[in-house]
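The lines below spell out each chain.
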Amino acid sequence: MFSLAAIAVFAAMFLVLARLIKGPTLYDRVLAVNAFGTKTVLFIGVVGFLAGRPDFLDIALLYALINFVGTIAVLKFFRYRAIGDVMWTPQKKENNK
Amino acid sequence: MSGWQLFVEILSWVLISAGSFFVLVGAIGVYRFPDFWTRLHAASVSESAGVILMLSGMIIQAGWGLIAVKLLIIGVFLFITGPTSTHAVANAALVSGLRPKNYDDDTSDDPDPA
């Protein structure tokens, strides 16, 4: 049962990776990375059950935390061209597709 | 295996396979949909239904204990950050000028202009 779930999540990760490579716009790629992170959390949980290692769930929780922070950081960088000192950067006219 | 354990096994099996089905369907949607905005729907399918079903299946499989608590914490956290990150991506795309495919701005034929 768990191996079925692991194979399904693994295949889903490949599909999302394909979208990550093909994605025309930047936001397709950010969406794909975010979806990939969520699937990794599930995959770690399932493998933790398969291998009988309950401590994998801490890794899965940490991965979920970092995945969210990473997505927001990437979005903030491409929105303001800077992550740290946002107030200083000149406001660029938003026209990139 | 007593009747109760059998029920727990079958229920967790059904939940996990349903969850993996939704994860797969969501991923197929993310890959095949034509436009960024439609892919958002597909991504949130696997993020909401897939995550909730699989985690609840694993919680039932794990039974009472610390493992179920950790899975619950992961579930609550993903429940909060899933929509938030999807909103952030959609907002960033909208602000940067990305519009759906056949989106027209003219509201001349608006039946009741606000």
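Remember, it's a predicted structure, so these values are computed and weren't measured experimentally.

Take the interface of chain A and chain B next. The partner chain B presents 42 residues to the 44 residues of chain A that form the contact. Between chain A and chain B, the buried area comes to about 3,800 Å², and carbon and sulfur atoms account for 80% of it. Considering only the surface of chain A that becomes buried against chain B, M1(A), Y27(A) and L31(A) emerge as the three largest contributors, covering 17% of it. Where chain A packs against chain B, one counts two salt bridges. Here R39(B) ties to D28(A) by a salt bridge, and the two come within 2.5 Å at their closest N and O atoms. The tally of links from chain A across to chain B stands at six residue pairs in polar contact (both at pLDDT 80 or more). Only α1 (2–22), α2 (26–50) and α3 (56–80) of chain A provide two or more residues apiece to the side of chain A that touches chain B.

Taken together, the side chains of D104(B), D105(B), D106(B), D109(B), D110(B) and D112(B) define an acidic patch exposed on the protein surface. Judged by its relative accessible area of 59%, D105(B) falls in the exposed class.

Residues of chain B with pLDDT of at least 70 account for 99%, and the chain-wide mean is 89. In the predicted assembly, ipTM is 0.86 and pTM is 0.85.

Let us look at the packing of α2(A) against helix α3 (residues 66–95) of chain B. Taken N-terminus to C-terminus, the directions of α2(A) and α3(B) make an angle of 170°; their axes are 10 Å apart at the nearest point. In this view, α2(A) runs roughly antiparallel relative to α3(B), as classed from their interaxial angle. From α2(A), Y27(A), V30(A), L31(A), N34(A), T38(A), V41(A) and F49(A) reach across to α3(B), where they touch I67(B), L71(B), I74(B), L78(B), S85(B), V89(B), A92(B) and A93(B). For the contact of α2(A) with α3(B), a count of residues per class yields 12 nonpolar, three polar and no charged.

Time to look at the nonpolar core. Within soluble globular proteins, side chains that are nonpolar generally end up buried alongside one another. Grouped together as the largest cluster of nonpolar side chains are 28 residues, with contacts concentrated most on V46(A), M54(B), L55(B), M58(B) and I74(B). Discounting residues that sit within four places of it in the chain, I74(B) has contacts with V41(A), L57(A), A60(A), L61(A) and L55(B). Membership of the second largest hydrophobic core comes to 16 residues, among which are Y27(A), V30(A), V30(B) and W37(B).

Attention now moves to the environment of S85(B). Following the sequence through the fold, S85(B) ends up in helix α3. Overall, S85(B) belongs to the buried group, its relative accessible area being 2%. Those residues within four positions of S85(B) in sequence are excluded, and the remaining contacts are N34(A), F68(A), T71(A) and E47(B). Side chain to side chain, S85(B) and N34(A) meet in a polar contact 3.0 Å long. A polar contact is formed between the side chain of S85(B) and the backbone oxygen of G82(B), at a distance of 3.0 Å.

Criteria and cut-off values
- Residues numbered from 1 in each chain as written.
- Chains lettered and ligands numbered in written order.
- Predicted model: local features only at pLDDT ≥ 70, side-chain atom pairs only at ≥ 80, totals over all residues.
- Heavy atoms only, no water.
- Contact = heavy atoms within 4.5 Å.
- Buried area = accessible area lost by both parts, 1.4 Å probe.
- Salt bridge = Lys/Arg side-chain N within 4 Å of Asp/Glu carboxyl O.
- Polar contact = N/O pair within 3.5 Å; in protein donor to acceptor, adjacent residues only side chain to side chain.
- Helix = DSSP H or I, 4+ residues; strand = E, 2+ residues; numbered from the N terminus.
- Patch = residues over 30% accessible without salt bridge, like charges linked within 9 Å, V, L, I, M, F, W, Y side chains within 5 Å.
- Areas by Shrake-Rupley, 256 points an atom, 1.4 Å probe, with all protein chains shown as cover.
- Lys, Arg positive; Asp, Glu negative; His and termini not counted.
- Charge placed at Lys NZ, Arg CZ, Asp CG, Glu CD.
- Buried < 20%, exposed > 50% of the residue type's maximum accessible area, 1.4 Å probe, protein only.
- pLDDT = per-residue confidence, 0-100.
- Axes fitted to C-alpha atoms, helices over the stretch in contact; angles between N-to-C directions.
- Parallel < 35°, antiparallel > 145°, perpendicular 65-115°, else oblique.
- Nonpolar A, V, L, I, M, F, W, Y, C, P; charged D, E, K, R; others polar.
- Core = buried A, V, L, I, M, F, W, Y, C linked by side-chain atoms within 4.5 Å.

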